[in-house]
Amino acid sequence: LGIYSQKRKEAIYEKDLVKRFGITYKNKTCEINVFLDTGCKLKDPISDRGALVVEYDKLKFIMSEREREIVEENKGIDKAFEEGMRMLPFSTLCGENMIYAIVADTLISEGESWNNVCVGLITKRRLGEDYGGIINPRLYLENGRNMEEIMT
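Given the structure is predicted, the values throughout are model-derived calculations rather than measurements. (Residues numbered from 1 in each chain as written. Predicted model: local features only at pLDDT ≥ 70, side-chain atom pairs only at ≥ 80, totals over all residues. Heavy atoms only, no water.)

Participant: Account for the pattern of salt bridges, with residues named and values stated.
Facilitator: Taken as a whole and assessed by the stated rule, the structure comprises 13 salt bridges. The residue Glu110 makes a salt bridge to Lys19 at a minimum N-O spacing of 4.0 Å. With Glu110 in the loop between strand E5 (95–109) and strand E6 (112–122) and Lys19 in strand E1 (residues 18–25), this residue pair connects regions lying 91 residues apart in the sequence. With a closest N to O distance of 2.2 Å, Arg86 and Asp44 form a salt bridge. In this pair, Arg86 sits in strand E4 (residues 86–92) while Asp44 sits in the loop between strand E2 (28–36) and strand E3 (52–55), placing the two residues 42 residues apart along the sequence. Bridged by salt links that share partners, the residues Arg66, Glu69, Glu73, Lys75 and Glu83 form one connected network. (Salt bridge = Lys/Arg side-chain N within 4 Å of Asp/Glu carboxyl O. Helix = DSSP H or I, 4+ residues; strand = E, 2+ residues; numbered from the N terminus.)

Here you go:
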């Protein structure tokens, strides 16, 4: 019974941390569930703001054909920069790498909004069963929220 209760508590906690986000980029919008990961330290190296990563397949339809080509054919940093994209450094337990990123015009979730947020594009794997993105909670802190408010 104790193990069941703990697992149920963890499941409820995780569901509280999944938020619905609207991502607008070049006048196109998509909606996606995003997991607020308190361990996520991902940030945009140019603006030094918190960032998020999203499964590429969830966003590719709001990107231009040229941007999709750069990502899908892995054309490199120079081509990405020519199109106004960025490269976002990230690290995991497996090591460090760079991923392609776009700068979303606007993110909106539960009445809050952020402008010009870097969105990294994960191309080779799914992030979660109930969500397709992971966000750095630092973005909420930039809007004057504290962690307790975010998790309720």
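Participant: Describe the pairing of E3, naming the residues involved and giving the relevant values.
Facilitator: Residues in a regular strand point their side chains to alternate faces of the sheet. Because side chains alternate across E3, one face comprises the buried residues Leu52 and Val54, and the other comprises Val53 and Glu55, equally buried. In the sheet, E3 pairs with E6 via 4 bridges, with the strands oriented parallel. Counted as the bridge partner of Val54 is Leu121 from E6. Across 3 bridges, the pairing between E3 and strand E7 (residues 133–135) is antiparallel. Of the residues in E7, the one forming a bridge with Val53 is Ile134. (Buried < 20%, exposed > 50% of the residue type's maximum accessible area, 1.4 Å probe, protein only. Pairing = 2+ DSSP bridges.)

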